[in-house]
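Secondary and tertiary structure notes
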Amino acid sequence: MAEKIAIIGDRESIKGFAAIGFDIIECNEPERANSILKNAAENDQYTIIYMTEEMYSAAEKECKKYEEKMLPAIIPVPGIRGNNGIGRERLSRFVERAVGSDIIFKN
């Protein structure tokens, strides 16, 4: 498997990631996010796929298919339009599942 990383999102949110070696997969239409993610995740092209939270929300059904798989890891990140908390919520669930308690974001 190639050790490649991609990011899916709107042009303005993801363009800077090319400078650090990410493959840029532009998606400006949330209704296309499912098919774009499916295509990127096929054939073990990427070990990690970052998605802007907006695209992650739009492709939530497709993202769930990969939750129990080791690869690719699909990670939501804030986009230029802001943060809706999906990344934090997802990380909190992973930590709680791993250690039995949310030790990172516990209030």
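Anything mentioned here points back to the structure above.
Residues numbered from 1 in each chain as written. Predicted model: local features only at pLDDT ≥ 70, side-chain atom pairs only at ≥ 80, totals over all residues. Heavy atoms only, no water.

Overview of the overall build of the protein chain
Put simply, the rule is: Elements are defined by DSSP. Helices are runs of H or I of four residues or more, strands are runs of E of two residues or more, and each kind is numbered from the N terminus. Note on contacts: a residue pair qualifies if any of its non-hydrogen atoms lie within 4.5 Å across the two residues.
Scanning the protein chain from N- to C-terminus turns up 5 helices and 4 strands. N-terminal to C-terminal, the α/β element order of the protein chain is β-α-β-α-β-α-α-β-α. For the protein chain, the share of sequence-separated contacts (at least 6 apart) that also reach a separation of at least 24 residues comes to 57%.

Quick word on the sheet that holds strand E3 (residues 48–52)
For clarity, the threshold we go by: Paired strands are those between which DSSP finds at least two bridges. Working convention: axes come from line fits to C-alpha atoms, limited for helices to the stretch in contact. Angles between N-to-C directions cover 0 to 180 degrees.
The 4 strands lie next to each other as E2-E1-E3-E4, forming an open sheet whose pairing is parallel. Strands with a single pairing partner mark the edges of an open sheet, and in this sheet they are strand E2 (23–26) and strand E4 (73–77). Direction aside, neighbouring strands of the sheet carry axes that sit 20° apart on average. Where strand E1 (residues 5–9) meets E2, 4 bridges bridge the pair, whose relative direction is parallel.

With respect to the pairing of E3
Inspection of the sheet shows E1 paired to E3 by 4 bridges, in the parallel sense. Considered in E3, the bridge of Ile7 is made with Tyr50. In this sheet, E4 lies alongside E3 in parallel orientation, the contact comprising 5 bridges. In the strand pairing of E4, Ile49 is matched with Ile74.

So, the nonpolar core
Applicable threshold: The set of buried Ala, Val, Leu, Ile, Met, Phe, Trp, Tyr and Cys residues whose side-chain atoms join them within 4.5 Å is what this entry labels a nonpolar core. Accessible area is worked out with a 1.4 Å probe on protein chains only. A residue is then buried under 20% of its type maximum, exposed over 50%, and partly exposed in between.
Counting 19 residues, the largest nonpolar core has Ile8, Ile25, Leu37, Ile49, Met51, Cys63 and Ile74 as its most contacted members. Residue assignment for this core shows that the elements contributing at least two residues are E1, helix H2 (33–41), E3 and helix H3 (53–58). If one sorts the elements of this core by residue count, H2 sits on top with 5 residues. Here Leu37 is in contact with Ile8, Ile49, Met51, Ala59, Glu62, Cys63 and Ile74, once residues within four sequence places are set aside.

Focus: the environment of Ala40
Among the structural elements, Ala40 can be located in helix H2. Taking C-alpha positions, Ala40 is 9.6 Å from Ile7, a pair spaced 33 residues apart along the chain. Apart from the residues lying within four places of it in its own chain, the contact partners of Ala40 are Ile8, Ile25, Gln45, Tyr46 and Ile49.

A few points about unusual backbone geometry
Of note, the amide linkage connecting Leu71 to Pro72 takes the cis form, showing an omega dihedral of 0°. Position of Pro72 among the secondary structure elements: in the loop between helix H4 (60–64) and E4.

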